[in-house]
Amino acid sequence: MERFAGKAVLITGAATGIGRATALAFAREGASVMIGDVDARADETVALIVGEGGNAAFRHTDVRKAADLDALVAACVDRYGRMDAAFNNAGVLPPQRPIHEVTEAELDLAIDVDFKGVFFAMQAEIRHFLKVGGGTIVNTASVGALIADPNMSAYCAMKHAVSGLTKAAAVEYAQLNIRVNAIAPGFVVTPMTQHWADSNEFTQMFYAQNISGRAARPEEIAPTVLHLCSDGGSFINGATFTIDGGQTAH
Ligand SMILES: NC(=O)c1ccc[n+]([C@@H]2O[C@H](COP(=O)([O-])OP(=O)(O)OC[C@H]3O[C@@H](n4cnc5c(N)ncnc54)[C@H](O)[C@@H]3O)[C@@H](O)[C@H]2O)c1
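Numbers given to residues run from 1 along each chain, matching the order in which its sequence is written. Given that this is a predicted model, residues contribute local features only at a pLDDT of at least 70 and side-chain atom pairs are listed and counted only at 80 or more, while totals for whole chains, interfaces and linings are drawn from all residues. Heavy atoms throughout the structure, all of them, feed into the side-chain values; hydrogens and water do not.

- If you look the protein chain up in an unreviewed UniProt entry, it shows as NAD(P)-dependent dehydrogenase (Short-subunit alcohol dehydrogenase family) from Novosphingobium hassiacum.
- A UniProt comment under Sequence similarities (unreviewed entry) is attached to the protein chain, and it reads "Belongs to the short-chain dehydrogenases/reductases (SDR) family." UniProt positions are given in the numbering used here, feature names are shortened, and annotations may be inferred rather than shown by experiment.

## A short note on the overall build of the protein chain
Then, number 1: Working definition: helices are DSSP H or I runs of at least four residues, strands are E runs of at least two. Numbering for both runs from the N terminus. Each helix and strand counted, the protein chain has 8 helices and 7 strands in total.
Then, number 2: Computed over C-alpha atoms, the radius of gyration of the protein chain comes to 17 Å, within 12% of the 18 Å expected from 2.2 N^0.38 for 250 residues, which places it in the range of a compact globule.
Then, number 3: In terms of its C-alpha atoms, the protein chain occupies a principal-axis envelope of roughly 50 × 35 × 35 Å.
Then, number 4: Counting over 250 residues, the protein chain shows a buried share of 51%.
Then, number 5: The contact definition used throughout considers only heavy atoms, calling two residues in contact when any of these lie within 4.5 Å. When contacts within the protein chain are restricted to residue pairs at least 6 apart in sequence, those whose partners lie at least 24 apart make up 70%.
Then, number 6: The protein chains shown are the only cover counted for residues, whose accessible areas, like all others here, come from Shrake-Rupley with a 1.4 Å probe. Carbon and sulfur atoms form 53% of the exposed surface of the protein chain, whose accessible area is close to 11300 Å².
Then, number 7: Only four residue types enter the tally: Lys and Arg on the positive side, Asp and Glu on the negative side, with His and both chain ends excluded. The atom standing in for a charge is NZ when the residue is Lys, CZ when it is Arg, CG when it is Asp and CD when it is Glu. Taken together, the 19 basic and 27 acidic charged side chains of the protein chain have centroids lying 5 Å from each other. Here the globule rule is a power law, 2.2 Å times the number of residues to the power 0.38, and the radius of gyration is based on C-alpha atoms. Note on exposure labels: buried denotes an accessible area under 20% of the residue type's maximum, exposed denotes more than 50%, and partly exposed covers the range between, all computed with a 1.4 Å probe on protein chains only.

## A few points about the site of the ligand
Then, number 1: Close contacts around the ligand come from 31 residues, with Thr16, Asp37, Tyr155, Val188 and Thr190 the closest.
Then, number 2: Between the ligand and valine 63, the relevant distance is 3.0 Å, taken from a nitrogen atom to a main-chain nitrogen or oxygen of the residue.
Then, number 3: Between an oxygen atom of the ligand and a main-chain N or O atom of asparagine 89, the distance comes to 2.8 Å.
Then, number 4: In isolation the ligand exposes 810 Å². Once the protein is present, 93% of that is buried.
Then, number 5: Taken together, the elements giving at least two residues each to the shell around the ligand come down to helix H1 (17-28) and helix H5 (153-173). In this text, near means that some heavy atom of the residue lies within 4 Å of the molecule or strand in question. Any pair of nitrogen or oxygen atoms within 3.5 Å is treated as a polar contact; in protein, a donor-acceptor pairing is required on top of that, and neighbouring residues in sequence qualify only through side-chain atoms on both sides.

## Notes on helix H4 (residues 104-132)
Then, number 1: In a regular helix each residue adds 1.5 Å, so 29 residues correspond to 42 Å; H4 covers 40 Å between its end C-alpha atoms and thus fits that length.
Then, number 2: Most pronounced at lysine 116, the bend in H4 amounts to some 40°.
Then, number 3: Of the residues one or two after H4, glycine 133 is the one with positive phi, at around 95°. Expected helix span is given by 1.5 Å per residue-to-residue step, counting one fewer step than there are residues. One axis fitted to the seven residues ending at a residue, another fitted to the seven starting there: the angle between these axes is the bend at that residue.

## Details of the packing of H1 against helix H2 (residues 42-51)
Then, number 1: Running from amino to carboxyl end, H1 crosses H2 at an angle of 25°, the nearest separation of the two axes being 10 Å. Classified by the angle between their axes, H1 and H2 sit roughly parallel to one another. Our pair here, H1 against H2, has a crossing hand that is right-handed. Contact residues: H1 offers Arg20, Ala23, Leu24 and Ala27, while H2 offers Glu44, Thr45, Leu48 and Ile49.
Then, number 2: Residue polarity is assigned by list, with Asp, Glu, Lys and Arg as charged and Ala, Val, Leu, Ile, Met, Phe, Trp, Tyr, Cys and Pro as nonpolar; anything else, Gly included, falls into the polar class. Grouping the constituent residues of the contact of H1 with H2 by class yields 5 nonpolar, 1 polar and 2 charged. Throughout, an axis means a line fitted to C-alpha atoms (over the contacting stretch in the case of helices), and angles, computed between N-to-C directions, take values from 0 to 180 degrees. An angle counts as roughly parallel when it lies under 35 degrees, as roughly antiparallel when it exceeds 145, as roughly perpendicular when it falls between 65 and 115, and as oblique in every other case. Less than a right angle of anticlockwise turn of the near helix away from the far helix marks a crossing as left-handed, whereas a clockwise turn marks it as right-handed.

## So, the nonpolar core
Then, number 1: Only buried residues count toward a nonpolar core, which is a set of Ala, Val, Leu, Ile, Met, Phe, Trp, Tyr and Cys residues joined through side-chain atoms within 4.5 Å. Residues Met34, Leu69, Met122 and Ile137 are the most contacted members of the largest nonpolar core, which totals 32 residues.
Then, number 2: Of all elements in the fold, only strand E1 (8-12), helix H3 (66-80), H4, H5 and strand E6 (178-185) reach the threshold of two or more residues within this core.
Then, number 3: Counting residues per element, this core draws most heavily on H4, which supplies 8 residues.
Then, number 4: Beyond its immediate stretch of four places on either side in the chain, isoleucine 137 contacts Ala86, Asn88, Met122, Glu125, Ile126, Phe129, Arg179, Val180 and Asn181.
Then, number 5: Val9, Ile11, Ala23 and Ala222 belong to the second largest nonpolar core, which has 31 residues in total.

## Observations concerning the pattern of salt bridges
Then, number 1: Basic side-chain nitrogens of Lys or Arg form a salt bridge, by our definition, when they fall within 4 Å of a carboxyl oxygen of Asp or Glu. Taken as a whole, this structure holds 10 salt bridges when the rule is applied.
Then, number 2: Where arginine 28 meets glutamate 52, a salt bridge forms, and the shortest distance between an N and an O atom there is 2.7 Å. With arginine 28 in helix H1 and glutamate 52 in the loop between H2 and strand E3 (55-60), this pair connects stretches of sequence that are 24 residues apart.
Then, number 3: Overall, the relative accessible area of 48% leaves arginine 28 in the partly exposed class.

## Some remarks on the packing of H4 against H5
Then, number 1: Axis separation between H4 and H5 bottoms out at 9 Å; the angle between their running directions is 15°. The angle between the axes of H4 and H5 places the two elements in the roughly parallel class. Between H4 and H5 the crossing geometry is right-handed. Of H5, the residues touching H4 (which contributes Leu107, Ala110, Ile111, Asp114, Phe115, Val118, Phe119, Met122, Ile126 and Leu130) are Ala154, Tyr155, Met158, Ala161, Val162, Leu165, Ala169 and Tyr173.

## Considering the environment of arginine 20
Then, number 1: Mapping arginine 20 onto the fold places it in helix H1.
Then, number 2: Ignoring any residue separated from it by four or fewer positions in sequence, one finds arginine 20 in contact with Gly13, Ala14, Ala15, Arg41, Glu44, Thr45 and Leu48.

The structure is reproduced here in structure tokens:
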């Protein structure tokens, strides 16, 4: 099934992890993919897609800079003649410490990448969607948008903000044929969380609490993003979609 044949999708943070898996999944369903990232490993994502016969390109993009996101949208439209959907996925996990030890630089990084990066991306994407009559956006939040874990205060607050921003945008643009949703993944093994996966102490504690008893693979997150961007997701708007193996149900 090629739900995205002839369509173009913009993805931030697709050098590795969830973004790369989702870029591959979109391309396998026919989408041309424009990737924005600060990490040159995005070239490897492009090579994987092209190696499978798909279309993809990478433009160096720092989501902390609104002008970079404007340029990324323009690059997608220049190259593929369109932009139908966007996955705002770039994020960072600042060093984990209690609130009284968080530095201003660590707080600023979380605000700039995890919140303002999504805000700037949505602004650029929405301006384009308003011109062409609509489109879909998915933002990457986290179970940290729903619950709090110790020593992740800034990340948790910014992911709550992404969920709120998603609702705000859905409300503002629903009548203009723009749908905006978020995903809330639980523990997914990626470069961001490899240190958790490598720690027996952490995994034993986490898996004991989590009814699935394991972490997710990035490929288990991608299908929900595609569904939310597809016609099958046509009545899903403003939602933060939990993909956590039951972690927050327990
Ligand atoms: N791995 C998990 O357990 C988990 C759980 C919930 C949510 N998330 C979220 O999923 C998203 C993807 O993370 P991941 O786990 O795949 O980790 P990852 O480190 O593999 O991916 C993060 C991506 O964002 C990019 N990025 C970071 N700063 C950027 C910037 N300033 N400009 C542009 N790109 C930038 C990185 O280069 C990378 O490609 C993040 O938003 C993260 O917060 C991850």
